[in-house]
Every structure is written in structure tokens, then in C-alpha cells.
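# Close look at the chain arrangement
Here is what each chain is made of, one letter per residue.
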Amino acid sequence: MRVLGIETSCDETAAAVVEDGVRVLSNVVAGQEALHAPYGGVVPEVAGRAHEAAVVPAIERALRDAGTGLGDLDGIAVTNRPGLVGSLLVGVQAAKSLALATGLPLVGVNHVLAHAHANLLGGADLRFPLVALVVSGGPTSLYLCRSPLEEELLGATVDDAAGEAFDKVAALLDLGFPGGPALDRASRDGDPAAVRFPRTRGAPGTLDFSFSGLKTAVLYHVRGQDARPGRGRNRPGVAVADVAASFQEALVDSLVKVTLEAARRARVRQVVLGGGVACNRRLRERMAADGARAGVQVVLPEPRLCTDNGAMIAALGTHLLRIGRRDGLDLDVAPRLLRRPSVKKGPARRAAAARP
Ligand code: KG4
């Protein structure tokens, strides 16, 4: 079964052809870093326009690289949630047009869950039930996956996503855009124990994450106690590599601890990672080492499948099409995912319920 996957949720225009949900026949990703770099972050209008120009060439190239014509496909899968509305619409329109022209079945895919499905590509031996940690620039979420299509949200960030924290701290340290990979590189020359930043997490008893306090601690360390976000200069003599390594260590510590706690509570022996932050060198090292100590096997997708790509959309799409899931030409986009009902009520939790 050959499925075309289309992904345009943020700033990568991606298309891929995947066979039987596991073999990647082609995987085309057109990034937009250079367009957004002058602004220090993704500008939604710029992203939407760039997708518009890049989506048809990306699909053509994915079909060509796979040696596949439209007539050899069995379905079309497209990200329709969550993401930037103007960006999602471009991919969804392209997928609908192809479905209309070819009569192929169409299915909308949840991008966050697709990050966990990147692990199905490349033949990892997945043993369900397992815990999936999806860490990227939008979501930071933990799922209990009972099968490839049965998942339960165990926890999520109540404020910033991990990738967002990486990007903001990288901007504070003038490391450039995109910030995550730049901070990862800068941290290699730093001492992770140089500054003891707080190990933050969500409310006690939950499996939620929280990174805004950590981000503020870095701001105060770098700019002084009266610092305000977006204003002022870094104090002279700030050791950028040490701050980068220490921030990364604190964030990774929180991610690893909460994830392994989720595995312990759910009594599962396997954890899979997905999302752009899963490329992070220290997260990969620590997750594997701490997991091994706790008797948990950690499965990591290869880096090109961690960041946004069409192959993971095709992989999850294949499973959905196999069980008969179909969407019509009225398929809509959704910028956010609805969170599960809060365990505890309160202003912070209610605000979190409104976020992806
Ligand atoms: O999954 P992704 O490509 O897009 C979203 O769905 O958000 O993830 C992008 C995020 C960005 O915040 C980027 O800075 C972060 O992943 N990222 C990293 C690394 N590579 C990408 N963060 C830390 N270390 C990395 N090596």
C-alpha cells in the first residue's frame, strides 16, 4: 500500500511516499529557515506564502524520487491539525485537489501523533503498550500508546513547549535561528554544571511539564534580576557555552524524569521519542542512559525523521486508511488540539486546557 504524505503545518513544506506504513520511498523537505531568520521566529504569513510556492514541486519531487505515479498510490494523507492555519490550509488544499482529480481516498492526520509514528519507519521493534514523548516547537506531550491507533494523553506542557524554550533561550544568547540546533552546538563547549538552573515541571502529582520558569531563570542570570523579556543587554562576561549547556541540562533533566516516571506509572518497558527536540544530542544520550538504568528501552527516530516530514504523516495515514478512516473534500484544519479535561481545576489549569 503506497501513501503520499503531505505536511505544511509550520515552516517546512514536506511530501513523502511510504510503502505499507514502514518503508520510506521518498522524503522531500523544503525548509524556510532563511525566510524567517531575519525575524528571529516563524512569521505565519511568510510561511503560508512559501508553502504555496513550494507544495506542488515538493509533491512532484516526492513522486519522482519514489519512482511512483499518482496512479500507483493507494491514498493521500495530510496534516490538518495542529499548526498555523494559513500553512495547514495550503497542504490540505493541495491534498484535496489531488484527491478530487484522482479519486484516491483522503485522510487528515494529527501532526503530533504522527511524530510518534516516525518510529514505525525504519523498522524499530515497537512493543505496545509504550509511552511516547513528542517534543517540538509547538507541543511537548506524553502519550500512553496501547496500539498504533490508541493513545491517551498523559501529560503536556502547561506553558512553553520545549522547542520554544530552546528557541527563546538561543535568541537571548544571540545564537541565531533556528535556536534549538544552534544551542545544542554551543552547549558542546560548555559545562552543564556551571549554573544550577531550576528543574521545573507541572503541578505535583501530574505528568505535566513547565518551562517558562526555567526560561525566566536564564533571563535573570544573563541580564540581571530586573531584566524584562525583549529588553536590555546581556551582562558582560556571561559564558554563553556554559549557560547553554546548563539550561539544556536542566530542561533535559525535567523531560527525562517525567517521561520515565510516566513509563513507571504505566508499567511499560518501552519509550519512543519524536519531534524536532528529539534531535538534541544531550536528550538522546540522557534518555538512553537513564532509560537503561530504569530497565526501559528508549527508541529514537533518526534525526531527519524527528523534525517535520511527510513520511510520518504517510505512516500514520496508512494505519488510518487501513481501518477505513476517510475524510471528505470538506476536510477542515484546526490550529489547536483540545486537551483532556483537567485533573485539577484552577486558573493555570484552565488556561492550559485551552492550549494545544
Ligand atoms: O518538530 P519540529 O520540526 O516542528 C514542530 O512541529 O514544531 O520541531 C522544531 C523545533 C524547534 O523549536 C527547534 O529549535 C527544535 O525543534 N530543535 C532542537 C534541535 N533540533 C531542532 N532543539 C534542541 N536541539 C536540537 N538539536
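For the structure, check the block above.
Criteria and thresholds
- Residues numbered from 1 in each chain as written.
- Predicted model: local features only at pLDDT ≥ 70, side-chain atom pairs only at ≥ 80, totals over all residues.
- Heavy atoms only, no water.
- Helix = DSSP H or I, 4+ residues; strand = E, 2+ residues; numbered from the N terminus.
- Contact = heavy atoms within 4.5 Å.
- Phe/Tyr/Trp six-rings, centres within 6.5 Å; stacked < 30°, edge-to-face > 60°.
- Buried < 20%, exposed > 50% of the residue type's maximum accessible area, 1.4 Å probe, protein only.
- Near = heavy atom within 4 Å.
- Polar contact = N/O pair within 3.5 Å; in protein donor to acceptor, adjacent residues only side chain to side chain.
- Areas by Shrake-Rupley, 256 points an atom, 1.4 Å probe, with all protein chains shown as cover.
- 1 Å grid on protein atoms, 1.4 Å probe; cavity = no way out; pocket = protein on both sides within 12 Å on 5 of 7 lines; lining within 4 Å.
- Sits in = over half its atoms within 2 Å of the grid points.
- Nonpolar A, V, L, I, M, F, W, Y, C, P; charged D, E, K, R; others polar.
- Salt bridge = Lys/Arg side-chain N within 4 Å of Asp/Glu carboxyl O.
- Pairing = 2+ DSSP bridges.
- Axes fitted to C-alpha atoms, helices over the stretch in contact; angles between N-to-C directions.
- Parallel < 35°, antiparallel > 145°, perpendicular 65-115°, else oblique.
- Left-handed = near helix turned anticlockwise from the far one by under 90°.
- Points joined across faces, edges and corners; volume = space filled by probe spheres on them.
- Domains from an automatic or database assignment.

### Focus: the environment of Met1
Within the fold, Met1 resides in the segment before β1 (2-7). With 36 residues separating them in the primary sequence, Met1 and Ala37 have C-alpha atoms 39 Å apart. Dropping the residues within four chain positions of it, Met1 is found in contact with Val18, Glu19, Asp20, Asp74, Thr318, Leu321 and Arg322.

### Here we look at the packing of aromatic side chains
For the structure on display, the rule yields two aromatic pairs. Ring centres of Phe209 and Phe211 lie 6.1 Å apart, and the angle between their planes is 15°; this geometry places the pair in the stacked category. Residue class for Phe209 comes out buried when judged on its relative accessible area of 1%.

### Overview of the site of the ligand
Around the ligand lies a shell of 20 residues, among which Gly137, Asp167, Gly180, Asp184 and Gly276 are the nearest. Residue Gly163 places a main-chain N or O atom 3.2 Å away from an oxygen atom belonging to the ligand. Note that an oxygen atom of the ligand is positioned 3.1 Å from one of the backbone N or O atoms of Asp308. Within the complex, the protein chains bury 90% of what would otherwise be the 550 Å² of accessible surface of the ligand. With respect to the detected pockets, the ligand is housed in the largest pocket. Elements with a minimum of two residues in the shell around the ligand: α4 (111-117), α5 (162-172) and α6 (179-187). Of the residues in the shell around the ligand, the class split is five nonpolar, 11 polar and four charged.

### Quick word on the pattern of salt bridges
In total, this model carries 23 salt bridges according to the counting rule given. Residue Arg265 pairs with Glu261 through a salt bridge whose shortest N-O separation is 2.7 Å. Of this pair, Arg265 and Glu261 both sit in helix α8 (residues 240-266), four residues apart, which is roughly one turn of the helix. Classification of Glu261 by relative accessible area gives buried; the value is 18%. One continuous salt-bridge network, built from bridges that share partners, spans Asp184, Arg188, Arg199, Glu249, Asp253, Lys257, Arg281, Arg282, Glu285, Arg286, Asp290 and Arg293.

### Quick word on the sheet that holds strand β8 (residues 150-156)
The five strands lie next to each other as β8-β7-β6-β9-β10, forming an open sheet whose pairing is mixed. Looking at which strands have only one partner, the edges of the open sheet turn out to be β8 and β10 (297-299). Each neighbouring strand pair of the sheet contributes to a mean axis angle of 25°, computed without reference to strand direction. By the bridge criterion, four bridges tie strand β6 (residues 130-135) to strand β9 (residues 270-274) in an arrangement that is parallel. Opposite Ala132, over in β9, you have Val272 as the bridge partner. The sheet strands contacting α8 are β6, β7 (140-147), β8 and β9, and the helix crosses β6 at an angle near 155°.

### With respect to the packing of α6 against α8
Running from N to C, α6 and α8 cross one another at 110°; their axes reach a closest spacing of 8 Å. Looking at the two axes, α6 sits roughly perpendicular to α8. In the crossing of α6 with α8, the sense of the turn from one axis to the other is left-handed. Residue-level contacts link Leu183, Asp184, Ala186 and Ser187 of α6 to Ala241, Ala244, Ala245, Phe247 and Gln248 of α8.

### Observations regarding empty space enclosed by the protein
To locate leftover empty space, one rolls a probe as large as a water molecule over the atoms. Applying the stated criterion across every chain yields a total of two cavities of 30 Å³ or more. In this structure, the largest cavity spans a volume of roughly 70 Å³. For the largest cavity, the full set of lining residues is Ala116, His117, Leu120, Leu126, Phe128, Leu130, Cys145, Pro148 and Val272. Quantified by volume, the second largest cavity comes out at close to 40 Å³.

### Remarks on the layout of surface pockets
As a volume, the largest pocket reaches approximately 1400 Å³. Together, 49 residues line the largest pocket, and Cys10, Ser136, Gly137, Gly138 and Asp167 are the ones closest to its centre. In terms of residues, the lining of the largest pocket owes the most to one element, α5, which gives six residues. Within the lining of the largest pocket, the residues separate by chemical class into 17 nonpolar, 19 polar and 13 charged. Residue contributions to the lining of the largest pocket reach at least three from each of two domains, namely domain 1 (2-116 + 306-322) and domain 2 (125-300).

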